[in-house]
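Chain and residue survey
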Amino acid sequence: MKIRAARVIVCCPARNFVTLKIETDEGLTGLGDATLNGRELAVASYLKDHVVPCLVGRDAHQIEDIWQYLYKGAYWRRGPVTMAAIGAVDTALWDLKAKSAGLPLYQLLGGKSRAACMVYGHAQGRDVEETCDAVSDHIEQGYRAIRAQSGIPGIEKAYGIAGAKFYEPAEKGLPGETVWSTERYLDFAPKLFERLRQKFGFEHHLLHDVHHRLTPIEAARLGKALEPCRLFWMEDPTPAENQDAFRLIRRHTVTPLAVGEVFNSIHDARDLIESQLIDYIRMSVTHAGGISHLRKVAALAELYQVRTGCHGATDLSPVCMGAALHFGISVSNFGIQEHMPHAPLTDEVFPHAYTFKRGFMHPGEAPGHGVEIDEELAAKYPYDPAYLPVARLEDGTLWSW
Ligand code: EZ4
Ligand code: CO
């Protein structure tokens, strides 16, 4: 099965996506997601200008060798652009291998370890009561696990809150500016979860994303304050370039910790996993070098009872979601999968076999990862530049968004 051609498709059906399509001499096609929110064209160029010329003519079955060729062979290792590009190639090759075998991808990954993947949805509101309503909505839809984010008194444009039904992180035009106040947030967050537990009890899992905003000692304080509310996880409490920060947080709280949506390599996560400083690793198929590399991360994590909780916001395309569900249903230490439903137009451009039912998702039984692209429809929605916002403290200091 030789690679005959590979193409990069950039489109904007409700938001921007970068998709790699690999074609074989036997006429099979495989898809990989290469979307890097706000930096899409860098990955598109990396693929088009530097990777595709090296792929043509290779045996599409040689997934591991091609991975190593692109990683070691580039000399320049790691980084979100490189790893998203390699991840797209890897995902497309797994798709092809499974299609050529006539099997759903999870069968090639060892078969099913569970019936379906538990997912968590995003409840958001401008204030506590609106967030309560959103949680209630999610419970009605059957979600077993719900992430709750709320507007914070005195903070304009808090993370995770949108006027629209679904929160979409990127905005058209140049980066928007938001204001952050740790003091206001730390005062508010425990009250939100106390209210949610008071209203809904402990039947459902509650999750929360701090989005890299706190210092280690502040994160420790928040984790401690949230203990009576028994969160499923507290996500990204501090920026994780400093893995040591988690030693300090861990000394003070038993609130479970989830980290890794911005990681792209097993080396970013190694100390956190081996030192048992986290409970969930959130790396995605798209940003962490594809299924091959994510399986290695999961295998390392399994040794320490760290479970997976893959990033699954709308900037990961349906191709990523399909691949993530095959990975999730097969891997022994699956924890949970993030689920932010895509816009109807995105789903139309990427027809897929995966399904959602009462809080669980299943990858479906189609050969490959089960996600395709309608290129004709995609061509009607050309790339439209968009950026993630930035955050500043009230005095203007630039902060982590
Ligand atoms: O900010 O996907 O857990 N989810 C998140 C997301 C990320 C975006 C970045 O592109 O943190 O909202
Ligand atoms: Co997050």
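Residues numbered from 1 in each chain as written. Chains lettered and ligands numbered in written order. Predicted model: local features only at pLDDT ≥ 70, side-chain atom pairs only at ≥ 80, totals over all residues. Heavy atoms only, no water.

Quick word on the packing of aromatic side chains
Going by this rule: Pairing of aromatic rings covers Phe, Tyr and Trp, the last counted by its six-membered ring, and requires centre-to-centre distances within 6.5 Å; plane angles under 30 degrees mean stacked, over 60 mean edge-to-face, and any other angle means tilted. For the exposure calls, accessible area comes from a 1.4 Å probe over protein chains only, and a residue counts as buried if that area is under 20% of its type's maximum, exposed if over 50%, partly exposed in between. For a ring to carry a charge above it, either NZ of a lysine or CZ of an arginine must fall within 6 Å of the ring centroid while also lying within 35 degrees of the normal to the ring plane.
This structure, assessed with the given rule, holds 10 aromatic pairs. Geometrically, the ring pair formed by Tyr75 and Trp76 is edge-to-face, given 4.9 Å between the ring centres and 75° between the ring planes. Classification of Tyr75 by relative accessible area gives exposed; the value is 62%. When its relative accessible area of 64% is taken as the criterion, Trp76 is described as exposed. An aromatic cluster of three or more residues is present, and its members are Tyr120, Phe232, Trp233 and Tyr280. Lying across the ring of Phe17, Arg15 places its NZ or CZ 5.6 Å from the centre. Lying across the ring of Trp180, Arg213 places its NZ or CZ 4.8 Å from the centre.

Regarding the sheet that holds strand β18 (residues 398–399)
For the record, the criterion: The pairing criterion for strands is at least two bridges between them, as found by DSSP. Secondary structure elements are defined from DSSP: runs of H or I of at least 4 residues count as helices, runs of E of at least 2 residues count as strands, and each element is numbered from the N terminus.
Read from one edge of the open sheet, 3 strands run β7-β17-β18, paired in mixed fashion. A single partner strand is all that each edge strand has here, and the edge strands are β7 (177–180) and β18. Where β7 meets strand β17 (residues 390–393), 4 bridges bridge the pair, whose relative direction is parallel. For Val179, the partnering residue across the bridge sits in β17 and is Arg392.

As for the packing of helix α3 (residues 80–101) against helix α10 (residues 290–302)
We apply this condition: Fitted lines through C-alpha atoms give the axes, limited to the stretch in contact for helices. The angle between two N-to-C directions lies from 0 to 180 degrees. Roughly parallel means an angle under 35 degrees; roughly antiparallel means over 145; roughly perpendicular covers 65 to 115; every other angle is labelled oblique. The contact criterion used throughout is that any non-hydrogen atoms of two residues lie within 4.5 Å. Throughout this entry, Asp, Glu, Lys and Arg are counted as charged residues, while Ala, Val, Leu, Ile, Met, Phe, Trp, Tyr, Cys and Pro are counted as nonpolar. The remaining residues, Gly among them, count as polar.
Contact pair α3 / α10: the axes reach a minimum separation of 5 Å and the direction vectors enclose 100°. Classified by the angle between their axes, α3 and α10 sit roughly perpendicular to one another. Contacts between α3 and α10 involve Met83, Gly87, Asp90, Thr91 and Trp94 from the first element and Gly290, Ile291, Ser292, His293 and Arg295 from the second. Of the residues assigned to the contact of α3 with α10, the class counts are 3 nonpolar, 5 polar and 2 charged.

Things to note about the packing of helix α6 (residues 182–200) against helix α7 (residues 216–225)
The condition is simple: For a crossing to be left-handed, the near helix must be turned anticlockwise from the far one by less than a right angle; the clockwise case is right-handed.
Between α6 and α7, the least distance of the axes is 9 Å, while the angle of their chain directions is 15°. Comparing the axis directions of α6 and α7 gives the class roughly parallel. Relative to α7, the crossing made by α6 is right-handed. Facing α6, whose interface residues are Thr182, Tyr185, Leu186, Ala189 and Pro190, α7 presents Glu218, Arg221, Leu222 and Ala225. The residue makeup of the contact of α6 with α7, split by class, is 6 nonpolar, 1 polar and 2 charged.

Structural notes on the coordination of the cobalt ion (ligand 2)
This is how it is decided: For Na, K and Ca the donor cut-off is 3.2 Å, and for all other metals it is 2.8 Å, counting N, O and S atoms only; because water is absent from this set, sites may look incomplete.
Coordination of the cobalt ion (ligand 2) by the protein involves Asp209 (OD), Glu235 (OE) and Glu261 (OE), with metal-donor separations of 1.9 to 2.2 Å. Donor residues for the cobalt ion (ligand 2), ordered by position in the chain, follow D-x25-E-x25-E. Taken together, the residues span a long stretch of sequence, with Glu235 in strand β9 (residues 233–235) and Glu261 in the loop between β10 (257–259) and α9 (266–274) at a distance of 26 residues.

Description of the nonpolar core
Threshold: Only buried Ala, Val, Leu, Ile, Met, Phe, Trp, Tyr and Cys residues count toward a nonpolar core, and they belong to the same one when joined by side-chain atoms within 4.5 Å. Start and end points for every domain follow an automatic or database-based domain assignment.
If you look at the biggest cluster of nonpolar residues, it comprises 115 residues, and the most contacted ones within it are Ile22, Leu47, Val89 and Phe246. Ranked by the residues each element gives to this core, the list is headed by α3, at 11 residues. Each of two domains, domain 1 (3–104) and domain 2 (108–368), supplies a minimum of three residues to this core. Aside from chain neighbours lying at most four places away, what touches Ile22 is Ile3, Ala5, Ala6, Leu28, Thr29, Gly30, Leu55, Val89, Ala92, Leu93 and Leu96. Within the second largest apolar cluster, 9 residues are counted, among which are Met118, Phe232, Trp233 and Ala258.

Side note on the pattern of salt bridges
Using the following cut-off: In what follows, salt bridge is the name for a side-chain nitrogen of Lys or Arg lying within 4 Å of a carboxyl oxygen of Asp or Glu.
Enumeration over the complete set of coordinates arrives at 23 salt bridges. The partner of Asp384 in a salt bridge is Lys172, with the nearest N and O atoms 3.7 Å apart. Of this pair, Asp384 sits in the loop between α13 (375–378) and β16 (386–387) while Lys172 sits in strand β6 (residues 171–172), placing them 212 residues apart in sequence. With relative accessibility at 45%, the residue Lys172 sits in the partly exposed group. A salt bridge links Asp187 to Lys191; its shortest N-O distance comes to 3.4 Å.

In short, shape yes, function no, at least from these values alone.
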